[in-house]
Amino acid sequence: MKKPAVLSITSLAAAFAATLLATPARADDFPSAITVSGEATMSAAPDLAQIDAGVANDAKSAKEASDANNAAMGKVLLALKGAGIAEKDYQTSRLSLQPQYGQNKSTGASPVVGFRASNRVTVKIRDVTKVATIIDTLVSAGANDIGNISFEVTQASKLLDDAREQAVADARRKAEIYAKATGVTLGAPISVAEGGAPVPLFKARMATAPMAAPAAVAPGEETLSVTVNVSWAIKAGQ
């Protein structure tokens, strides 16, 4: 009596794969679509500026350096308040007290020769026309490190929404060109994906020494951009 033939799992898998390879895929197994990207940009004047200001003091002892630094930053904060900057719009961003090392040429050791205390504050300026005035105020009050200036558009959402509509319209315009060139017509959108809408910031480093002349600051304009990727179903041309 013959034993029934037994196919291993490996043999069955190989046979199934061979069947798939031998069977041609039908065109209607895959969605037909035109996929393009659309872009739009909007420009707007910034309405918020942010700057960093700092004071640094050196002394023989840690206490002397810290006391001098606290007094210097106190003058800077009072100057900000006097310039009309609300307390909520300035915040300490960095505070440090570090030893300063010298070098003993005879022994090669690096003894502590003093201390440096530093304090930095981040300031938001909601009237960008006053940026140069605020910088001059900070320098006059004793700030000896001004930098990291940035401008931004705080009400960017509405502008970006307008740009999104224009980006989709741009994508459709391109898709219609391709559809006409290939003899098909556009159907309904299959997918829409936003590629990103960054709000760029302008940054500049200011001189660390007190400036003899008023600071020259140009806010310029910010460019907001949106990119969308859209796929449209297509059908035979009519």
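Computed from a prediction, not measured in an experiment: that's the story for all the values here.

About the criteria used
Residues numbered from 1 in each chain as written. Predicted model: local features only at pLDDT ≥ 70, side-chain atom pairs only at ≥ 80, totals over all residues. Heavy atoms only, no water. Helix = DSSP H or I, 4+ residues; strand = E, 2+ residues; numbered from the N terminus. Axes fitted to C-alpha atoms, helices over the stretch in contact; angles between N-to-C directions. Parallel < 35°, antiparallel > 145°, perpendicular 65-115°, else oblique. Left-handed = near helix turned anticlockwise from the far one by under 90°. Contact = heavy atoms within 4.5 Å. Nonpolar A, V, L, I, M, F, W, Y, C, P; charged D, E, K, R; others polar. Buried < 20%, exposed > 50% of the residue type's maximum accessible area, 1.4 Å probe, protein only. pLDDT = per-residue confidence, 0-100. Core = buried A, V, L, I, M, F, W, Y, C linked by side-chain atoms within 4.5 Å. Expected span 1.5 Å × (residues − 1). Salt bridge = Lys/Arg side-chain N within 4 Å of Asp/Glu carboxyl O.

Draft legend 1. Structural view of unusual backbone geometry. The backbone phi angle of Asn148 is positive, close to 55°, even though this residue is not glycine. Within the element layout of this structure, Asn148 appears in strand β5 (residues 145-152).

Draft legend 2. Main features of the packing of helix α2 (residues 62-82) against helix α3 (residues 131-141). Running from N to C, α2 and α3 cross one another at 150°; their axes reach a closest spacing of 8 Å. Between α2 and α3, the angle is such that the two are roughly antiparallel. Both α2 and α3 take part in a crossing whose hand is right-handed. Of α3, the residues touching α2 (which contributes Ala72, Lys75, Val76, Ala79 and Leu80) are Ile134, Thr137, Leu138 and Ala141. Residue composition of the contact of α2 with α3, grouped by class: seven nonpolar, one polar and one charged.

Draft legend 3. Seen up close, the side chain of Asn119. Mapped onto the fold, Asn119 is located in strand β4 (residues 112-125). Residue class for Asn119 comes out buried when judged on its relative accessible area of 8%. Not counting residues up to four positions away in its chain, the partners in contact with Asn119 are Ala53, Gly54, Val55, Asn69, Met73, Thr92, Arg94 and Leu95.

Draft legend 4. Representation of the confidence of the model for the protein in the model. Here the protein averages 79 in pLDDT, while 75% of its residues score no lower than 70. Element-level pLDDT for the protein is lowest in helix α1 (residues 9-22), with a mean of 38, against a maximum mean of 95 in α2. Overall, residues 2-30 carries pLDDT values under 50, and its contacts beyond four positions in sequence, including any with other chains, amount to two contacts. With pLDDT under 50 throughout, residues 197-213 is counted as low confidence; its partners more than four residues away or in other chains account for 43 contacts.

Draft legend 5. Broad picture of the nonpolar core. Counting residues in hydrophobic clusters, the biggest one holds 25 residues, and the most contacted among them are Ile51, Val123 and Leu138. For this core, the secondary structure elements donating two or more residues are β2 (48-59), α2, β4, α3 and β5. No other element matches α3, which puts six residues into this core. Non-local contacts of Val123, meaning those with residues more than four positions away in its chain, are made with Ala49, Gln50, Ile51, Leu80, Ile85, Asp89 and Tyr90. In this structure, Met42, Ala179, Leu186 and Val228 belong to the second largest nonpolar core, which totals 20 residues.

Draft legend 6. Fine view of α2. Look at α2: 30 Å from first C-alpha to last across 21 residues, which is about the 30 Å you get at 1.5 Å a residue. Turning to α2, the residues buried within the fold contact β2, β3 (90-101), β4 and α3. Positive phi appears at Gly84, one or two residues downstream of α2, with a value of about 90°.

Draft legend 7. Structural detail: the pattern of salt bridges. Overall, the coordinates contain eleven salt bridges when judged by the stated rule. Its salt-bridge partner being Arg120, residue Asp145 comes within 2.7 Å of it at the nearest N-O pair. A residue pair is termed long-range when its members are at least 10 positions apart, and Asp145 in strand β5 and Arg120 in strand β4 qualify at 25 residues. In terms of burial, Asp145 and Arg120 fall into one category: buried. Between Lys158 and Asp162 there is a salt bridge whose closest N-O contact spans 3.1 Å. Remark: Asp162 and Lys158 occur in helix α4 (residues 156-182); sequence separation between them is four residues, near one turn of the helix.

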